[in-house]
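Reading the structure
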Amino acid sequence: MTTNVLRETRARLWLILGVLVGFHAGTSAGGVKTSVRLDAALQSARSGDVLLVWVYFTDKGRHEAMKVSVPPEVVTPRSLARRAKSLPVDMVVDYTDLPPDEGYVASVASHVTAFRHYSKWFNAVSIAATAEEINTIRGFSFVREIDLVYRSGRPGDPEHFARATTAPEPALKAGGDNALDYGSSLPQVALENIPAVHNTGNTAQGVLIALFDNGFRLLAHQTFDSLRARILGTYDFVDHKVSVIPNNPSYGSHGTWTLSTIAGYSPGQLIGPAFGASFLLGRTENDSSETPFEEDNWVRAIEWADSLGVDVTSTSLGYFDYDPPYPSWTWQDMDGKTTPITRAAVMAARKGILVVNSAGNEGVNRGSFPNSLNAPADADSILAVGAVNPLGVRASFSSFGPTADGRTKPEVMAVGTSIYAASADNATGFVSGLQGTSFSCPLTAGGAALVWHAHPRESAQRIIYALKRTASRSTAPDNMYGWGIIDVLRAIQFLSGDSLSTLPAEATLQQNYPNPFNPGTRIGFILPEDATVTVAVYDLLGREVRTLVHGFYPKTAAVPYQIAWDGTDASGRRLASGAYFCRLTATGASGRSSTQVRKMMILR
């Protein structure tokens, strides 16, 4: 690990420790702190109204004796192994891994309308209570703080599907370059260079991924036939049962779609990036709920997944706007330390989990705000994912940063439009035209799992670093694209220390991928020095059909620039099938010029 990376990692650890003790509150009678939001809710509550709150304890009671030396047995061996990749030996387990005192939990539970669950990380319990009951537990000597729980939802998704089908569609397999036949799912995985990784035999075998969503209605779908034996754990945190198939048969379509996006396997139709991984499935969202339960469901789910040794989490949920009478978050709250789910995401990252979350789909709806993020996308040390179309153009709905404390968001981008997924209603059917960062998130999580399979000794933060370092805009990140579109193969190569670590002697044009292609392809080039660059496409007669790049570019620091081309000419007309040539001309700051040509093939 480089000195800069070590410095950044230490800084983040100190930030995380600060987040864990952060809580904006006022002090009520009896010395117990209550949040401003809870005070407002209590003032407006009528007699008998039930509020949903977190109750934080002062300490861990009878478990305090283990504070100085927490036994490693409090978590599973798999969780210990994952943490050891990123934490010093004396920090692999800590105080947050100890459960709350059972007596504290029982005392609160016996004085409230309903007890939901506890959080060992927060040393707190989630409850439903009237104002009168809250006033009672305020008087408990072991209660430190009380805060309101908020309602969540999917990240404002503009999700829809244009059509459903049960018949196989024409295969879009790109010539002989792909060992697998991705069918109509090819465009959503090709842009991230995922088929090239699958060609090596890497399907994320052995990586454990947790998917949190609104339930998984149709696990009997054919695309999950090979996956079902590798679903190692399920739990419904909404209805408190093991099965994640919702009781209401109309719920759980979103989870079916996202699971198939990351792990589906139906050759000729749909292949997800991590179809060889193992999975934990958690239902944390209730489609019909108007109560503020889902955020603390997620907190409970991430602790559950950690206890089972999860490596990667994928969450296509977001938190910002809530229904009356519950107050919404504000853009200022997207600061990496305010919302409970964000604080839990930071904690998970600290424990070595690679947390991947949708950035949100509020780029248009909140376009006048300084940011349009949904929590926990604002968390530090995670991957918040925005959406592009299969040609690499940012989707207008994709949420943007920066965070309220000035950090660049999202971190990376992946395809989030024109998504092909398993039907949630027909066990042999598929749907097309889905869109939202709900889908760029599992594609990225699956890509991260592929990188981790290739480099199992690396830490989550090193995997994130590699994905950012090799993304399409890594040399000039911004708050619309982050570090750019991920390139999974390049990330793997970067961590392998291959030729990416050494600049070529002259400007280099890489072979486009995929090739042959339809409808789009990616073209990369590397610059050993600052240069004026032109990249253009010519037909077999030598006629220029389109200029893709013309301008000044800084040297790439060994990470290629990436150009997306949709196979059209300068007027936007689709070019016919056949051979074309891509030519790079670069004139460096030193005055040295170079020209390189690559042959490309369009197959309509």
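Residues numbered from 1 in each chain as written. Predicted model: local features only at pLDDT ≥ 70, side-chain atom pairs only at ≥ 80, totals over all residues. Heavy atoms only, no water.

To continue, consider the environment of N371. Here N371 is to be found in the loop between β14 (354-358) and β15 (383-388). A C-alpha to C-alpha distance of 4.7 Å links N371 and G401, two positions 30 residues apart in sequence. When neighbours within four sequence positions are excluded, N371 is seen to be in contact with W331, M334, R366, F400, G401, P402, T403 and A404. A distance of 3.2 Å separates the side chain of N371 from the backbone oxygen of P402, its partner in a polar contact. (Helix = DSSP H or I, 4+ residues; strand = E, 2+ residues; numbered from the N terminus. Contact = heavy atoms within 4.5 Å. Polar contact = N/O pair within 3.5 Å; in protein donor to acceptor, adjacent residues only side chain to side chain.)

All right, on to the confidence of the model for the chain then. Residues of the chain with pLDDT of at least 70 account for 87%, and the chain-wide mean is 86. This stretch, residues 1-29, has a pLDDT under 50; its non-local contacts, to residues over four places away or in other chains, come to 37 contacts. Low pLDDT, under 50, characterises residues 160-176; the predicted model gives this stretch 45 contacts beyond four residues in sequence or across chains. (pLDDT = per-residue confidence, 0-100.)

Here the residue pair K409 and P410 is connected by a cis peptide bond, since its omega of -5 degrees sits within 30 degrees of zero. With respect to the element layout, P410 can be found in the loop between β15 and β16 (412-415). For the bond running from N518 to P519, omega is 10 degrees, close enough to zero to count as cis. Relative to the assigned elements, P519 resides in the loop between β19 (508-509) and β20 (521-526). The backbone of N123 shows a phi angle near 50 degrees, a positive value even though the residue is not glycine. Structurally, the position occupied by N123 is in the loop between β4 (114-119) and β5 (124-130). Even without glycine at this site, S418 takes up a positive phi of about 55 degrees.

With respect to the helices and strands, A460 occurs in helix α12 (residues 460-469). A C-alpha to C-alpha distance of 9.5 Å links A460 and R350, two positions 110 residues apart in sequence.

Those residues of helix α4 (residues 102-109) that fall on the buried side of the exposure criterion are Y104, V105 and V108. Along the axis of α4, the buried residues cluster in a sector spanning 100 degrees; they form a single face. Sitting at the head of α4, D101 places a side-chain oxygen 2.8 Å from the backbone nitrogen of G103. (Buried < 20%, exposed > 50% of the residue type's maximum accessible area, 1.4 Å probe, protein only. Arc of directions from axis to C-beta.)

As enumerated under the stated definition, the model contains 25 salt bridges in all. R46 serves as the salt-bridge partner of D49, at 3.6 Å between the closest nitrogen and oxygen. Between D566 and R546 there is a salt bridge, with the nearest N and O atoms lying 3.2 Å from each other. Pair noted here: D566 is in the loop between β23 (561-565) and β24 (578-588) and R546 is in strand β22 (residues 544-553), with a separation of 20 residues, a long-range link. Salt bridges linked by common partners bring R82, R83, D94, D97, D306, R350 and K351 together as one network. (Salt bridge = Lys/Arg side-chain N within 4 Å of Asp/Glu carboxyl O.)

Counting residues in hydrophobic clusters, the biggest one holds 64 residues, and the most contacted among them are I209, L259, F279, L281 and L354. Here this core gets 9 residues from one element, more than from any other, and that element is helix α11 (residues 437-454). Residues A210, L317, V346 and V355 belong to the second largest nonpolar core, which totals 38 residues. (Core = buried A, V, L, I, M, F, W, Y, C linked by side-chain atoms within 4.5 Å.)

Looking now at the packing of aromatic side chains. Here a ring pair, both rings aromatic, is described through the centre-centre distance and the interplanar angle of the planes. Summed over all chains, the structure comprises 17 aromatic pairs. On the basis of an interplanar angle of 65 degrees and a centroid distance of 4.9 Å, the ring pair of Y235 and F237 is categorised as edge-to-face. Given a relative accessible area of 4%, F237 falls into the buried group. Ring pairing ties together the aromatic residues F57, Y104, F140 and F142, which thus form one cluster. Taking NZ or CZ as reference, R300 lies 5.6 Å from the ring centre of Y118, over its face. (Phe/Tyr/Trp six-rings, centres within 6.5 Å; stacked < 30°, edge-to-face > 60°. Lys NZ or Arg CZ within 6 Å of the ring centre and 35° of its normal.)

With that settled, consider the sheet that holds β20. Spatially, the 3 strands line up as an open sheet ordered β19-β20-β23, and their pairing is antiparallel. The open sheet has two edge strands with one neighbour each: β19 and β23. Note: β19 against β20, 2 bridges, orientation antiparallel. Within β20, the position partnered with T508 by the bridge is I526. (Pairing = 2+ DSSP bridges.)

Turning our attention to the sheet that holds strand β25 (residues 593-602). Backbone-to-backbone hydrogen bonds join strands into a sheet, with any given pair of strands oriented parallel or antiparallel. Strand order in the open sheet made by the 4 strands is β22-β21-β24-β25, with antiparallel pairing throughout. Edge positions in the sheet fall to β22 and β25, since each of these pairs with one other strand and no more. Between one strand axis and the next, the sheet turns by 15 degrees as a mean value, whatever way the strands run. Relative to β25, β24 runs antiparallel, the two sharing 10 bridges. Paired with A579 across the bridge in β25 is M601. (Axes fitted to C-alpha atoms, helices over the stretch in contact; angles between N-to-C directions.)

In contact at an axis separation of 10 Å, helix α2 (residues 36-44) and helix α5 (residues 131-138) are set at 135 degrees when each is read in the N-to-C sense. One way to sum up the angle between α2 and α5 is to call them oblique. Only A131, I134 and R138 of α5 make contact with α2, whose side of the interface consists of L38, D39 and L42. Within the contact of α2 with α5, the residues separate by chemical class into 4 nonpolar, no polar and 2 charged. (Parallel < 35°, antiparallel > 145°, perpendicular 65-115°, else oblique. Nonpolar A, V, L, I, M, F, W, Y, C, P; charged D, E, K, R; others polar.)

What follows covers the pairing of strand β21 (residues 531-538). Residues in a regular strand project their side chains so that they alternate between the two faces of the sheet. Among the 8 residues that make up β21, 6 are buried, leaving the element largely enclosed by the rest of the structure. Pairing of β21 with β22, which is carried by 8 bridges, proceeds in the antiparallel orientation. Looking at β22, one finds that Y538 is bridged to E544. Taking the residues that link successive antiparallel strands as the turn, the β21-β22 hairpin has 5 residues, and the phi of G542 there is positive, at about 85 degrees. Sheet topology places β21 next to β24; 8 bridges connect them, and they run antiparallel.

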